[in-house]
There are 2 protein chains.
Amino acid sequence: MYTAEDEKFMRLAIELAESNVKQMTGGPFGAIIVKDGQIISASANQVIKSNDPTAHAEIAAIRLACENLGTIDLQGCTIYSSCEPCPMCLGAIYWARIGTLYFGNTKADAAAAGFDDDHIYQEMAKPAAARSLKRIQILADEAAIAFKLWQGSDSKFDY
Amino acid sequence: MYTAEDEKFMRLAIELAESNVKQMTGGPFGAIIVKDGQIISASANQVIKSNDPTAHAEIAAIRLACENLGTIDLQGCTIYSSCEPCPMCLGAIYWARIGTLYFGNTKADAAAAGFDDDHIYQEMAKPAAARSLKRIQILADEAAIAFKLWQGSDSKFDY
């Protein structure tokens, strides 16, 4: 179920996606973050413009929403994304504690349009050793010291 | 298998993680990106310092590496992370086309130290409808227009 207001916010996300293509500034993706009926942030995909492969619409909108609200905790916020988020953006949505996602296109639509989301979803579903990303654990004992420092420090309460 | 040089790079990543805690600037995580034996970028976790829940060490190091190399394609690069990446960062590593990952702590170590990575990995392994993130598809027909524009445009070749 969704309301006319949800449609209004999604149309804004779609508009950002379309204008990104028309102006040749980036991929066909837009995202809007809303809290209590108010738009907190809005961003199109900025991968090309920012020369940053992590600057997907959702990541850019989350960063901007945190800046605008002065917090890293977006609990109570809703994200409207013109496309179902890729694994990177889905992870970011969880870290930011956004509770609700509205999306237009699916990851299958994205794959059909030439985007790699589905490949990454498939990779992440495999056991780590079966992934194309080569991975090697080293210096586990030394790395553990940073976690011990953290657990004994006051700064962890601020995280 | 790994070399003394791999250990050297991992120790730098671990040092960034430790100094982040000692200086109370962020979580106990550091990452180094290397190409052809040269360090391209280095970053600790900057979540607190930047008020940005996406500013994990790996994301920050990828952004900086892209800036330093002037490309969004980090093929041929290796990432040394003091901890096994969370799903968001793993997604970013795939988008950036980094081929090799060295890590110190595991995601289980991170969970034991109070970080949410494991919860997010579990969420992402579930069918979308079973996840805690509420999701609703709307306006699929309208959203599809952005993808059609993209497929008919020249800008897609620059992505």
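Structure shown above.
Reading the values: the criteria
- Residues numbered from 1 in each chain as written.
- Chains lettered and ligands numbered in written order.
- Predicted model: local features only at pLDDT ≥ 70, side-chain atom pairs only at ≥ 80, totals over all residues.
- Heavy atoms only, no water.
- Helix = DSSP H or I, 4+ residues; strand = E, 2+ residues; numbered from the N terminus.
- Buried < 20%, exposed > 50% of the residue type's maximum accessible area, 1.4 Å probe, protein only.
- Contact = heavy atoms within 4.5 Å.
- Pairing = 2+ DSSP bridges.
- Axes fitted to C-alpha atoms, helices over the stretch in contact; angles between N-to-C directions.
- Phe/Tyr/Trp six-rings, centres within 6.5 Å; stacked < 30°, edge-to-face > 60°.
- Lys NZ or Arg CZ within 6 Å of the ring centre and 35° of its normal.
- Core = buried A, V, L, I, M, F, W, Y, C linked by side-chain atoms within 4.5 Å.
- Least-squares fit on C-alpha atoms with pLDDT ≥ 70 in both.
- Buried area = accessible area lost by both parts, 1.4 Å probe.
- Salt bridge = Lys/Arg side-chain N within 4 Å of Asp/Glu carboxyl O.
- Polar contact = N/O pair within 3.5 Å; in protein donor to acceptor, adjacent residues only side chain to side chain.

A. Region of interest: the overall build of chain A. Helix and strand content of chain A: 7 helices and 5 strands. Along chain A, from the amino end to the carboxyl end, the secondary structure elements read α-β-β-α-α-β-α-β-α-α-β-α. Principal-axis analysis of the C-alpha atoms places the extent of chain A at approximately 55 × 35 × 35 Å. Taking all 159 residues of chain A together, 53% fall into the buried category.

B. Helix α4 (residues 87-95) of chain A, seen in detail. The buried fraction of α4 of chain A amounts to 9 of the 9 residues, a majority that puts the element mostly inside the structure. Listed as buried for α4 of chain A are Pro87, Met88, Cys89, Leu90, Gly91, Ala92, Ile93, Tyr94 and Trp95 of chain A. Residues of α4 of chain A that are buried in the fold lie against α3 (57-69), β3 (77-83) and α6 (117-125) of chain A together with α3 (57-69), α4 (87-95) and α6 (117-125) of chain B. Two residues or fewer after α4 of chain A comes Arg97 of chain A, characterised by a positive phi angle close to 65°.

C. Region of interest: the sheet that holds strand β4 (residues 100-105) of chain A. Pairing is mixed across the open sheet formed by 5 strands, whose spatial order is β2(A)-β1(A)-β3(A)-β4(A)-β5(B). Strands at the two margins of the open sheet, each flanked by one partner only, are β2 (38-44) of chain A together with β5 (134-137) of chain B. With strand direction ignored, the average angle separating the axes of adjacent strands in the sheet is 15°. As paired elements, β3 of chain A and β4 of chain A share 5 bridges and run parallel to each other. Within β4 of chain A, the position partnered with Thr78 of chain A by the bridge is Thr100 of chain A. Each of β3 and β4 of chain A together with β5 of chain B is contacted by helix α7 (residues 140-151) of chain B, which is oriented at about 60° to β4 of chain A, the strand it contacts most.

D. Focus on the packing of aromatic side chains. Counting across every chain of the model gives 12 aromatic pairs over all chains. Grouped by ring-pair contacts, the aromatic residues Phe29 and Phe115 of chain A together with Phe147 and Trp150 of chain B constitute a single cluster. Its end group placed over the ring of Tyr121 of chain A, Lys107 of chain A keeps NZ or CZ at 4.1 Å from the ring centre.

E. How the structure looks around the nonpolar core. Counting residues in hydrophobic clusters, the biggest one holds 72 residues, and the most contacted among them are Ile33 of chain A together with Ile33 of chain B. Setting aside chain neighbours within four positions, we find Ile33 of chain B in contact with Gln38, Ile39, Ile40, Ser41, Ala61, Ile62, Ala65, Leu74, Cys77, Thr78, Ile79 and Ile98 of chain B.

F. The relation of the copies chain B and chain A, seen in detail. Between the two copies, chain B and chain A, the superposition gives an RMSD of 0.0 Å; the rotation angle is 180° and the shift along the axis is 0.0 Å. One copy is carried onto the other by what is essentially a two-fold rotation axis. When C-alpha positions in chain B are compared against the rotation axis, the closest is assigned to Met88 of chain B, at 1.9 Å. Both copies share a contact surface, since 100% of the interface residues of chain B are interface residues in chain A too.

G. Seen up close, the sheet that holds strand β4 (residues 100-105) of chain B. Ordered by their spatial adjacency, 5 strands build an open sheet running β5(A)-β4(B)-β3(B)-β1(B)-β2(B), and the pairing between neighbours is mixed. The sheet is open, and its two borders are formed by β5 (134-137) of chain A together with β2 (38-44) of chain B, each paired with just one other strand. In this sheet, neighbouring strand axes are inclined to one another by 15° on average, regardless of whether the strands run parallel or antiparallel. Of the pairings in the sheet, the one linking β5 of chain A to β4 of chain B comprises 4 bridges and is parallel in character. Bridge pairing in β4 of chain B places Ile136 of chain A opposite Tyr102 of chain B. Across the face of the sheet, helix α1 (residues 4-22) of chain B comes into contact with β1 (30-35), β2, β3 (77-83) and β4 of chain B while running at roughly 150° to β1 of chain B. Lying over the sheet, α3 of chain B contacts β1, β2 and β3 of chain B, oriented at roughly 140° with respect to β2 of chain B.

H. Geometry of the interface of chain B and chain A. Between chain B and chain A, the contact holds 88 residues from the first and 88 residues from the second. At the boundary of chain B with chain A, total buried surface from both sides reaches about 8,000 Å², with 69% on carbon and sulfur atoms. Contact with chain A buries surface across chain B, with Tyr94, Trp95 and Phe147 of chain B losing the most and accounting together for 11% of the total. Glu84 of chain A is the partner of Arg135 of chain B in a salt bridge, and the nearest nitrogen-oxygen pair spans 3.0 Å. Linking chain B with chain A are 30 residue pairs in polar contact (both at pLDDT 80 or more). Looking at the side of chain B that touches chain A, the element that brings in the most residues is α7 of chain B, giving 10 residues.

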